[in-house]
Amino acid sequence: MKQPLVSIIIPCYNAEKFFLKCYEGIRAQTYQNIEIVVVENGRNKGVEKIVKSIGDKRIKYFYTEIPNVSNARNLGIRKSNGKYICFVDVDDYLMPKMIETFVNRIKEDNTPVAVCEYFEEYSNGSRIIKEFPWDRQILNEKEIKDKYIPLLIGYGDGRSIFGAVWRLMIERRVLFANKIAFNSDVSIGEDLLFTLELLLCINKISLIKLPLYVYQRNSGSLINSYKSDVVSMSKKYHFYMKKCLEKFSTFDLYKENYNVNLLRMYPNAISFAVRSGNIQKSFSDINKVYEIYMQGDWDLKNNALRLDFRIVLFLLEHKYIKLLYVIFYIKEKIRISKLSNSSNKA
């Protein structure tokens, strides 16, 4: 019997220096019936030249001028032909048996979606395994709603599960039957919104307790870089999260988790603010965080939040801008130091 086709979608933006390593991880897969859907977005078309030089007939290359990862992934979905779909970020790579393991488990468990554990890898190759909090092979619909989704949105004590789409394999029909797509109107949290809607549409999911994906972390990566106006971006993301929960009549069920997620964005925004490299710019950004917080969320009290988050929100409410800068500047230095130390371990 012929193996079902798997579509691997790779959005690429200024990705020339990463693409070959990512491709080699796909080429080394033990499962061979794949198509590699490369969607290059933005002004630079450097990956197109690499694709042509590789000459792999399984690669389908597409280009869009819109520099938006959600738009690129949606285009990849539309252009794909596989029974199953998965995603790869171009600066990461797959373990050799990832696709084979995914397909086998989905077929064995008769599930529409599978999710795996993953490695966080640092620049010297040292790794940390990110495991599931459950010792289960399958979660049913009730367990998805009671266990997975609350962790996806997050708890006040910091417990959460990473909602990245690259740890998923999805049966194609699920996406098209439920009209699930990436929201190109958001520039933060697009993976979580996609995963949330997907989980609300399915009745079971396979948990693969193996790290099959390598998520590369280093102190200079995009996730560690400065972003301006994070709160405004986050407010839009939370608007769509609430809209999604309301669509499935589950907002009241996850209201506390939602409120926790909403309030946690303010400390996160301050973390980004201190990365600007300019103290006056950082003060200005933290002031913007304060102004947006005081427009309404300051009275959204949530005692379920961790004590350190509640202290930060207290300081923000009382406009201790300089003190917040000092605290988060020190925290940022410690965080980057830990990343660097992890990267430098022999």
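Data block above holds the structure.
Overview of the structure. This one's a predicted model, so the numbers in the text were calculated from it and none came from an experiment.

What follows covers the overall build of the protein chain. Summing up its helical and strand segments, the protein chain has 12 helices and 10 strands in all. On the principal axes, the C-alpha backbone points of the protein chain span a range of 65 × 45 × 40 Å. The burial tally for the protein chain puts 52% of its 346 residues in the buried class. Put simply, 77% of the contacts in the protein chain that link residues at least 6 apart link residues at least 24 apart. With 53 positive and 38 negative side-chain charges, the protein chain shows a separation of 2 Å between the mean positions of the two kinds.

Helix-helix packing is described using two parameters, namely the angle between the two axes and the distance between the axes. Where helix H10 (residues 279–293) meets helix H11 (residues 307–317), the axes come as close as 9 Å, and the angle between the chain directions of the two elements is 90 degrees. The angle between the axes of H10 and H11 places the two elements in the roughly perpendicular class. Each of Ile286, Val289, Tyr290 and Tyr293 in H10 lies in contact with H11, whose residues at this interface are Leu313, Leu316 and Glu317. Looking at side-chain class alone, the contact of H10 with H11 contains 6 nonpolar, no polar and 1 charged residues.

Take the nonpolar core next. Tyr148 and Ile205 are the most contacted members of the largest nonpolar core, which totals 74 residues. The dominant element in this core, judged by the number of residues it contributes, is helix H9 (residues 255–273), at 10 residues. In contact with Tyr148, not counting residues within four places along its chain, are Val115, Trp134, Leu139, Glu143, Ile161, Leu199, Ile205 and Leu207.

It is worth spelling out the side chain of Glu35 at this point. Structurally, the position occupied by Glu35 is in strand S2 (residues 34–41). Among the residues examined, Glu35 registers a relative accessible area of 6% and is labelled buried. Within the structure, the side chain of Glu35 is placed 2.6 Å from the backbone nitrogen of Asn81, a separation counted as a polar contact. Non-local contacts of Glu35, meaning those with residues more than four positions away in its chain, are made with Leu5, Val6, Ser7, Ile8, Arg58, Lys60, Ser80, Asn81 and Gly82.

Cut-offs and rules
Residues numbered from 1 in each chain as written. Predicted model: local features only at pLDDT ≥ 70, side-chain atom pairs only at ≥ 80, totals over all residues. Heavy atoms only, no water. Helix = DSSP H or I, 4+ residues; strand = E, 2+ residues; numbered from the N terminus. Buried < 20%, exposed > 50% of the residue type's maximum accessible area, 1.4 Å probe, protein only. Contact = heavy atoms within 4.5 Å. Lys, Arg positive; Asp, Glu negative; His and termini not counted. Charge placed at Lys NZ, Arg CZ, Asp CG, Glu CD. Axes fitted to C-alpha atoms, helices over the stretch in contact; angles between N-to-C directions. Parallel < 35°, antiparallel > 145°, perpendicular 65-115°, else oblique. Nonpolar A, V, L, I, M, F, W, Y, C, P; charged D, E, K, R; others polar. Core = buried A, V, L, I, M, F, W, Y, C linked by side-chain atoms within 4.5 Å. Polar contact = N/O pair within 3.5 Å; in protein donor to acceptor, adjacent residues only side chain to side chain.

Nothing here speaks to function; it is geometry throughout.
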